[in-house]
Structure formats: C-alpha cells, structure tokens
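Given next are the chains, with one letter for each unit.
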Amino acid sequence: MSEQKPEQNQQQPTIHLGRTGVEVSRLCLGTMMFGDWGNKDHQESVRIIRHAIDSGINFIDSADIYAYGESEEILGQAIAQHGRREDLVIATKFFNGMKQQPNYRGGSRRWITTAVEESLRRLGTDYIDLYQMHRPDEHTDIEETLGALDDLVRQGKVRYIGSSTFQPSQVVEAQWIARQNHTARFVTEQPPYSMLTRGIEADLLPTTHRHNMGTLVWSPLAGGWLSGKYRKGQELPRTRRGSRKDAPDLGDPKIAAKLDAADQLGALADDLGVPLVRLALAFVLRHPGVTSAIIGPRTMEQLESQLDAASLELDEATLDRIDEIVAPGTNVHPDDAGFSNYWLDPALRRR
C-alpha cells in the first residue's frame, strides 16, 4: 500500500507510485486539452504547464493520440523551457490509431517500437518515465506487448510501464504473464473514477491494490459534470462547438439520473462551503487505492481552481452523504465506465 508523504517545501503533497519508489504529486497534470482538442494557443498552454510545475505538480500525463501528437509537442516545449527534466515524472500512452492505414495502432511489437520513438521525438526527451498502454488490445497477445515494452525498459527508453482502462481480469492476466516470463510488469493502471463513476471500487481498485500498483484516475470531474455547471433549474452547458444538438438529452433516463446526482452533489458542496470541483477531487484522492488524480485544465483559471484540492479533508459524515447520492461501486451512467466490452459485440456473441 502506498503511503502519503508529508509536504516538504512544496505546494503539493507527494505519494509513492505503487512500489516503484518514485514519488509523484497527488495531482497529475493531464494534457489532453492542450492543442487542437482544447486550448489551441501553444504559448498559453505552455504557461499553464509551467505554472502547474511551479505549483508543485511533478507528474504530467499525455498520450500520442491527444490532438494527434500536438499535445506531446506542447508538453515537450514546456519541458525544454523548464530545463530540469530530472525533476519531472513524464507519462504518456500508446495504442489508439495515429493514421487510417493498418499497423499504426494497437499493442503489437511493430507498432510499439515505432510509437515510442515518435513520442520521444515530440516530447524532446531521451526517456519516458511511465509508458502506458491506452486500452487493452483484443487482437494482440499481451505476452507480445509486454515483451516489446520490456525491451524498451532494458534499452533505457522507458523507465516503467502501465496500463489504462483494463478490466480486473486483464490486470491479473498481465501481472501473471510478466511474472511467468520475467519481463517488466505494469506498475500502474489508469481508470476513470469520480463521484458519479464509482464502478472501479467494486473490483478494479481492490485488484490494483493487491498487486501493489499505482492507480491514476482520469476524469475525476466526470467530463465536466462535477464542475458546478450542471445544476437543475439552469441552462446546461453546451459543448465547445456551441451546438445545441450536443446538449445533454434529459429525456434519456440515464442522463436525467446523472443530472440529479450532480445536482445533489452540488448542493452538498454548497452545504460544506467548498467548490464542487474541490470536493470531487478530494473524494477520489480520499480512496486508499488511488495514487493520483489526473486533472485536465484547458485554461489557467481551471488549473487554479484545482490546485488546492489535495488539502481538503473529507470526514466520515461527508463520505456517508456522498454514498447516499451515488452508491459505492456503481456508475450512474453505464457508458462512463470507459471500457467497451468487445466480447459483447453481436458478431462475437452469435455464431
């Protein structure tokens, strides 16, 4: 079990990343919103990253697929400007298709050896601290994937490897294969987790805990639903494209249930006298199986609103009230689980 370290001349508490011995900030800066998918201003994005670092965040997470490499390039600029690469723990991911042609995606040895070189180039670094498989690959034997990743660790291009949005059985299988073949093993898992999406509490968090893995949770604000903007009696936010057709469909019972829960959680935050964003982040960090929460600000204002979340202590009464709104181990909306079970595809179910 990872134990939280006391704050030492920094503005962010740190914790050990699983059993690696590496200390990372409890807030991890996600970079998906830097580039074409979010903030298109590279200079401003770099300033946000630099401010996060100056505020004590030493853990930064990216992926090759974010704006198709643009986010990694922006992060590379920020690393170069910071000038102290050794102070940072840089994580990125591979798997999703970078081109329409075959063999530019997945967990094959062929693609991994190409993808890592491209990420290293964009990041402007000689090594990646944590290289993660973005999704499980139904077409590639995990033994092949782990073998290729083990080679990267031995070559010094990657320090540690991790998985993202794996199911508990897939986590266990990967651990078993690594031990059997004496290869590097996944030391982290990156699942979705929030007050609205608590499914991982049932099995995944206990599984990663048993295997002494670090757990980095993404979407702790539930895709913006816990930003404080989704409340009953007010106009719901549109997407950044400003299209009304993309507004939540309250005629869908699952969406209506999600709004109801978000509204109740917002009321709870009001009662506590804290912003809902801060409550949401403090909640996921409170779970003993969670290492870091990945925040994904698009603006400096959004970053500032989240920096002090790790300092908020939630008492048992508050946690009980949250449990009454969203039961432990459940997802308000099933589609928020982050994993689409390909074995439920009709073509695989019906012979």
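Residues numbered from 1 in each chain as written. Predicted model: local features only at pLDDT ≥ 70, side-chain atom pairs only at ≥ 80, totals over all residues. Heavy atoms only, no water.

Participant: Would you mind showing me how to read the overall build of the chain here?
Facilitator: The helix and strand inventory of the chain stands at 11 helices and 11 strands. With the principal axes as the frame, the chain shows a C-alpha extent of 60 × 55 × 40 Å. Residues counted as buried form 52% of the 351 residues belonging to the chain. For the chain, contacts bridging at least 24 residues in sequence account for 76% of all contacts bridging at least 6. If you sum the accessible surface of the chain, you get close to 16300 Å²; carbon and sulfur atoms cover 46% of it. Separation of charge centres in the chain, based on 40 positive and 49 negative side chains, amounts to 3 Å. (Helix = DSSP H or I, 4+ residues; strand = E, 2+ residues; numbered from the N terminus. Buried < 20%, exposed > 50% of the residue type's maximum accessible area, 1.4 Å probe, protein only. Contact = heavy atoms within 4.5 Å. Areas by Shrake-Rupley, 256 points an atom, 1.4 Å probe, with all protein chains shown as cover. Lys, Arg positive; Asp, Glu negative; His and termini not counted. Charge placed at Lys NZ, Arg CZ, Asp CG, Glu CD.)

Participant: Teacher, can you tell me more about the confidence of the model for the chain here?
Facilitator: Do not read the predicted coordinates in detail wherever pLDDT is low. Mean pLDDT over the chain works out to 93, with 95% of the residues at or above the 70 mark. Below a pLDDT of 50 lies the segment residues 1-9, which in the model reaches 18 contacts outside its immediate sequence neighbourhood of four places, other chains included. (pLDDT = per-residue confidence, 0-100.)

Participant: Please clarify how the sheet that holds strand β5 (residues 59-61) should be interpreted in this entry.
Facilitator: If you walk around this closed barrel you meet the 8 strands as β4-β5-β6-β7-β8-β9-β10-β11, and the pairing is parallel. When strand polarity is set aside, the average angle formed by the axes of neighbouring strands in this sheet is 30°. Those strands touched by helix α3 (residues 109-123) are β6 (89-94), β7 (128-133) and β8 (158-164), and its axis lies near 135° from that of β7. In the packing of helix α4 (residues 142-155) onto the sheet, the strands contacted are β6, β7, β8 and β9 (186-190), and the crossing angle to β8 comes to about 155°. (Pairing = 2+ DSSP bridges. Axes fitted to C-alpha atoms, helices over the stretch in contact; angles between N-to-C directions.)

Participant: For this particular structure, what's the right way to read the packing of aromatic side chains?
Facilitator: Note on aromatic pairs: each is described by the distance of the centres and the angle between the planes. Taken as a whole and judged by the stated rule, the model has 9 aromatic pairs. Their ring planes at 35° and their centres at 4.9 Å tell us that F94 and Y131 sit as a pair that is tilted. You can see F94 sitting in strand β6 and its partner Y131 sitting in strand β7, a full 37 residues away along the chain. Joined through ring pairs, the aromatic side chains of W37, Y66 and Y68 make up one cluster. (Phe/Tyr/Trp six-rings, centres within 6.5 Å; stacked < 30°, edge-to-face > 60°.)

Participant: Before we go on, may I ask you to explain a negative patch on the surface in this structure?
Facilitator: Among the surface-exposed residues, D141, E143, E144 and E173 lie close enough to one another that they form a single negatively charged patch. Relative to the assigned elements, E144 resides in helix α4. Taking relative accessible area as the criterion, E144 reaches 35% and is therefore assigned partly exposed. (Patch = residues over 30% accessible without salt bridge, like charges linked within 9 Å, V, L, I, M, F, W, Y side chains within 5 Å. Salt bridge = Lys/Arg side-chain N within 4 Å of Asp/Glu carboxyl O.)

Participant: Can you walk me through the environment of S71 in this structure?
Facilitator: Residue position: S71 is located in helix α2 (residues 70-82). Relative accessible area serves as the criterion here: at 1%, S71 is assigned to the buried category. Separated by 249 residues in sequence, S71 and D320 place their C-alpha atoms 39 Å apart. For S71, the contacting residues outside a window of four places in its chain are T31, M32, F34, S62 and Y66.

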